[in-house]
Amino acid sequence: MSAVLQGICVALGAKFYFAAFLPSLFVLGLIAGTPAAGFAALFTIPLVWWAFIPPYFEFNVLSSANADSINLFCLLAVLLIGLADLCRETMKIVSRGGLKPPGESAATNPQ
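Below you will find a few notes about this structure. Since this is a predicted model, take the numbers as computed values, not measurements.

1. So, helix 4 (residues 64–95)
Okay, step 1: Its 32 residues place the ends of helix 4 46 Å apart at the C-alpha level, agreeing with the 46 Å of an ideal helix rising 1.5 Å per residue.
Okay, step 2: Along helix 4, the positions that sit buried rather than exposed are Asn66, Ile70, Phe73, Ala77, Ile81 and Ala84.
Okay, step 3: Turning to helix 4, the residues buried within the fold contact helix 2 (21–31) and helix 3 (34–51).
Okay, step 4: Immediately downstream of helix 4, the backbone of Gly97 shows phi near 110 degrees, a positive value.

2. Description of the packing of helix 2 against helix 4
Okay, step 1: Between helix 2 and helix 4, the shortest axis-to-axis distance is 8 Å and the interhelical angle comes to 30 degrees. By the criterion of interaxial angle, the relationship of helix 2 to helix 4 is roughly parallel. In this structure, the crossing between helix 2 and helix 4 has a hand that is right-handed. For the pair helix 2 and helix 4, the contacting residues are Phe21, Leu22, Leu25, Phe26, Gly29, Leu30 and Ile31 in the first and Phe73, Leu76, Ala77, Leu80, Leu83, Ala84, Cys87, Arg88 and Met91 in the second.

3. Overview of the packing of helix 2 against helix 3
Okay, step 1: Two numbers describe how helix 2 lies on helix 3: the axes approach to 8 Å, and their chain directions differ by 160 degrees. Relative to helix 3, the element helix 2 lies roughly antiparallel. Helix-helix and strand crossings are classified by hand; for helix 2 and helix 3 the assignment is right-handed. Only Thr34, Ala36, Ala37, Ala40, Ala41, Thr44, Leu47 and Val48 of helix 3 make contact with helix 2, whose side of the interface consists of Phe21, Leu25, Leu28 and Gly29.

4. Some remarks on helix 1 (residues 2–11)
Okay, step 1: Looking at helix 1, one finds that the buried residues are Ser2, Gln6 and Val10. End-on view of helix 1: buried residues confined to an arc of 75 degrees, all on one side of the axis. Turned more than 90 degrees off the buried face of helix 1, the exposed positions are Val4 and Ala11.
Okay, step 2: Against the buried residues of helix 1 lie helix 2.
Okay, step 3: Where helix 1 ends, the next residue or the one after it, Gly13, has phi of about 100 degrees, a positive value.

5. Quick word on the environment of Ala32
Okay, step 1: Topologically, Ala32 is positioned in the loop between helix 2 and helix 3.
Okay, step 2: Between the C-alpha atom of Ala32 and that of Asp85, which follows or precedes it by 53 residues, the distance is 9.9 Å.

6. With respect to the nonpolar core
Okay, step 1: With 18 residues, the main nonpolar core has Tyr17, Phe18, Leu25, Ala41, Val48, Phe52 and Phe73 as its most contacted residues.
Okay, step 2: Tallying contributions element by element places helix 3 first for this core, with six residues.

What counts as what
Residues numbered from 1 in each chain as written. Predicted model: local features only at pLDDT ≥ 70, side-chain atom pairs only at ≥ 80, totals over all residues. Heavy atoms only, no water. Helix = DSSP H or I, 4+ residues; strand = E, 2+ residues; numbered from the N terminus. Expected span 1.5 Å × (residues − 1). Buried < 20%, exposed > 50% of the residue type's maximum accessible area, 1.4 Å probe, protein only. Contact = heavy atoms within 4.5 Å. Axes fitted to C-alpha atoms, helices over the stretch in contact; angles between N-to-C directions. Parallel < 35°, antiparallel > 145°, perpendicular 65-115°, else oblique. Left-handed = near helix turned anticlockwise from the far one by under 90°. Arc of directions from axis to C-beta. Core = buried A, V, L, I, M, F, W, Y, C linked by side-chain atoms within 4.5 Å.

Written out as structure tokens, the structure is:
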């Protein structure tokens, strides 16, 4: 779905090579987990390089601007996948009934 949205953006002249893939990485991280989202992020880089960065459908040497786009995508992907993992863990805690109040600790022991 992201590749179709990215294709539409490129056809309209927008040069947001990785923008359409970032929300799907977050959703994938929520649904399938961190390993699946990490694999998808790694798979996205050669896909975008091959299909959406001119010249289309061939691998050429990247310009510095395109290399910077890939580096920025990697940074944002790591941050979004980490955020998705935190949200996933939070949803697990909430579905179990929230955090349990701690029992008596040594500080509250009357002895």
